[in-house]
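# Observations on the three-dimensional arrangement
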Amino acid sequence: VSAFFGMATAFVESTLAQLFKEKNGGEFVGGLPFYGRSLIGNSAAVGVFLSGMYILYALGCLPAQGFNVVSSLTEMFSIATGTKVATQSGVTYFFAALVLIFTGVVAFGGVKKVAAVTNAMVPIMAVVYVATVIVLIVINLDSVPYFFSAVFSGAFKPEAVFGGFFGTAL
């Protein structure tokens, strides 16, 4: 149920972003601040407020996402070398510095640099994601019936419904 509400929310958000996008020079711009402003009285103050809220949300997510990237890189290094890497090791600090440098170069390169990097990364990420899912399904083919059984039996339990509503509200 929570996955359903998450997908529905993403669908509504992406649809609104497309319906209310604006042409600025030779580029289209849009998103929450634009459709929020249009839907709530077409006030610039609403757009500014929503932009601020989105920036605070993104800054709040940044430390957690940075940690996930560094810990994933460290774990991949650990698997590749067959050694256990401690959290406070030089390898972890090396990957943290690498992520910071890469992020700084992209972020301080301006919007065009961010767009160029993400335009290159997103198709690669999509192919890797789909390939990984297919490989995992093939490797675990005997568990597919159990998976669907567990999903459909657990989706409508009170905890799942509450979690879906709570996650959507957040």
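None of these values were measured; they are calculated from a predicted model.

## Concerning the confidence of the model for the chain
Across the chain, the average pLDDT comes to 82, with 96% of residues at or above 70. Element-level mean pLDDT values for the chain span from 71 in helix α1 (residues 2–19) up to 90 in helix α5 (residues 111–139).

## Re a nonpolar patch on the surface
A surface patch of nonpolar side chains, about 680 Å² in accessible area, is lined by Tyr129, Val130, Val133, Ile134, Ile137, Val138 and Leu141. Turning to its location among the elements, Val130 is positioned in helix α5. What makes Val130 partly exposed here is its relative accessible area of 46%.

## Section: the packing of helix α2 (residues 32–39) against helix α3 (residues 44–81)
Two numbers describe how α2 lies on α3: the axes approach to 8 Å, and their chain directions differ by 145°. Our pair here, α2 against α3, has a crossing hand that is right-handed. Contacts between α2 and α3 involve Leu32, Pro33, Gly36 and Arg37 on the former and, on the latter, Ala44, Val46, Gly47, Leu50 and Ser51. Here the residues of the contact of α2 with α3 sort into five nonpolar, three polar and one charged.

Criteria and thresholds
- Residues numbered from 1 in each chain as written.
- Predicted model: local features only at pLDDT ≥ 70, side-chain atom pairs only at ≥ 80, totals over all residues.
- Heavy atoms only, no water.
- pLDDT = per-residue confidence, 0-100.
- Helix = DSSP H or I, 4+ residues; strand = E, 2+ residues; numbered from the N terminus.
- Patch = residues over 30% accessible without salt bridge, like charges linked within 9 Å, V, L, I, M, F, W, Y side chains within 5 Å.
- Areas by Shrake-Rupley, 256 points an atom, 1.4 Å probe, with all protein chains shown as cover.
- Salt bridge = Lys/Arg side-chain N within 4 Å of Asp/Glu carboxyl O.
- Buried < 20%, exposed > 50% of the residue type's maximum accessible area, 1.4 Å probe, protein only.
- Axes fitted to C-alpha atoms, helices over the stretch in contact; angles between N-to-C directions.
- Left-handed = near helix turned anticlockwise from the far one by under 90°.
- Contact = heavy atoms within 4.5 Å.
- Nonpolar A, V, L, I, M, F, W, Y, C, P; charged D, E, K, R; others polar.

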